[in-house]
Amino acid sequence: MVSIKTEREIELMRETCTMAAETLHAVQEIIRPGITTEDVDNFVHEYITSRNAYPSPLNYHGFPKSCCTSPNEVICHGIPSKKVKLKDGDILNVDVTTYFKKYHGDTNRTYFVGDNVSPLHKRLVRTAWECMMSGIREVAPGKQLGDIGAAIESIAHKQKFSVVRDYCGHGIGREFHEEPQVLHYGKRKTGMTLRKGMIFTIEPMINVGSYKTNLLKDNWTVLTIDKKWSAQFEHTILVTETGYEILTILPGIYDETTPPAPEITLE
Ligand code: MF3
Ligand code: CO
Ligand code: CO
């Protein structure tokens, strides 16, 4: 069952999603070579709890930390650790989810560490962002979930990158993960029809090499099978009367007009 949110619920979703977006944006200040992913987690934990909210990942199905930190060949669900130290040229996805006034808001970004990320990996990160935005721009009442997946896939494949199939976007609200599943691949005019008041995430994971995944023995960390790198972006999206509203946006600070690596031009 896909829930349709009321006006009051949408108001509460805007609040939690804005807090998630602010947290993720604030993280940018601490990302530099030499810090550990545990430092990122400590920052996120403090930022969220000091605002009287709860970091949704903490103890979620046993997840031990307050956010996910996924560098380089880690696709998603990386566990923050003091053993993982960031180096110049790395990329790092930070995935933040807040629980505030009984609603979850979910957003992630891939950051550059230092000034020496390679042109290939800058293009990977930029492409992942363009994939997310192209999926978001499909959202409107009457459109179908397959339209989102098809748009994402076509941007990724133009760059000769692959789209992860084993993990997907999801409905969100009172629960962290609700129906529907939002696949990041697919065919136009297939899948569930979107209706005003639905809220779900779009969070494509884009790989340099194979789309295949490898789950580590910790049962969380998801790696690429070939150790080539992966990038991801995520927003929480409301279906409106005429299209969409991005709930995890910071207007003028981090929005449709602020891509990563703006100097890159994609063919
Ligand atoms: N935030 C992730 C998502 O986008 C889910 C993380 S689950 C956790 O759906 F337990 F690893 F935190
Ligand atoms: Co999500
Ligand atoms: Co997330």
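Residues numbered from 1 in each chain as written. Chains lettered and ligands numbered in written order. Predicted model: local features only at pLDDT ≥ 70, side-chain atom pairs only at ≥ 80, totals over all residues. Heavy atoms only, no water.

Trainee: Looking at this model, I keep getting lost on the nonpolar core. Mind explaining?
Mentor: Soluble, globular proteins show a tendency: their nonpolar side chains are buried together. Counting 35 residues, the largest nonpolar core has Leu124, Val139, Ile148, Leu194, Phe200, Ile202 and Ile206 as its most contacted members. Among the elements of the structure, helix H3 (119-136), helix H4 (145-158), strand S9 (199-202) and strand S14 (235-239) are those that each provide at least two residues to this core. In terms of residues, this core owes the most to one element, H3, which gives eight residues. Excluding its chain neighbours within four sequence positions, the residues that come into contact with Leu124 are Ile91, Phe161, Ile206, Asn207, Val208, Trp229, Ser230 and Ala231. (Core = buried A, V, L, I, M, F, W, Y, C linked by side-chain atoms within 4.5 Å. Buried < 20%, exposed > 50% of the residue type's maximum accessible area, 1.4 Å probe, protein only. Helix = DSSP H or I, 4+ residues; strand = E, 2+ residues; numbered from the N terminus. Contact = heavy atoms within 4.5 Å.)

Trainee: Help me out: how do you make sense of the site of ligand 1 in this one?
Mentor: Lining the immediate surroundings of ligand 1 are 14 residues, of which Pro57, His170, His177, Glu203 and Glu234 lie closest. Interatomic distance of 3.5 Å between a side-chain N/O atom of Thr97 and a nitrogen atom of ligand 1. Protein contacts shield 97% of the accessible area of ligand 1, which totals 340 Å² for the unbound molecule. In this structure the site holding ligand 1 corresponds to the largest pocket. (Near = heavy atom within 4 Å. Polar contact = N/O pair within 3.5 Å; in protein donor to acceptor, adjacent residues only side chain to side chain. Areas by Shrake-Rupley, 256 points an atom, 1.4 Å probe, with all protein chains shown as cover. 1 Å grid on protein atoms, 1.4 Å probe; cavity = no way out; pocket = protein on both sides within 12 Å on 5 of 7 lines; lining within 4 Å. Sits in = over half its atoms within 2 Å of the grid points.)

Trainee: When you look at the coordination of the cobalt ion (ligand 2) in this model, what are you seeing that I'm missing?
Mentor: For a metal bound by four donors in tetrahedral geometry, the ideal donor-metal-donor angle is 109.5 degrees, whereas six donors in octahedral geometry ideally sit at 90 or 180 degrees. Distances from the cobalt ion (ligand 2) to its protein donors, Asp106 (OD), His170 (NE2), Glu203 (OE) and Glu234 (OE), fall within 2.0 to 2.2 Å. In this structure, the cobalt ion (ligand 2) is surrounded by six donor atoms whose angles at the metal cover 52 to 163°, and the resulting shape is irregular. Sequence positions of the donors to the cobalt ion (ligand 2) reduce to the motif D-x63-H-x32-E-x30-E. Here the cobalt ion (ligand 2) and the cobalt ion (ligand 3) are spaced 3.3 Å apart, with Asp106 acting as a shared donor. With His170 in strand S7 (residues 169-171) and Glu234 in the loop between strand S13 (230-232) and S14, the pair connects residues that are 64 residues apart, well separated along the chain. (Donors = N, O, S within 2.8 Å, 3.2 Å for Na, K, Ca; no water. Tetrahedral: all angles 85-135°; square planar, octahedral: opposite > 155°, others 65-115°.)

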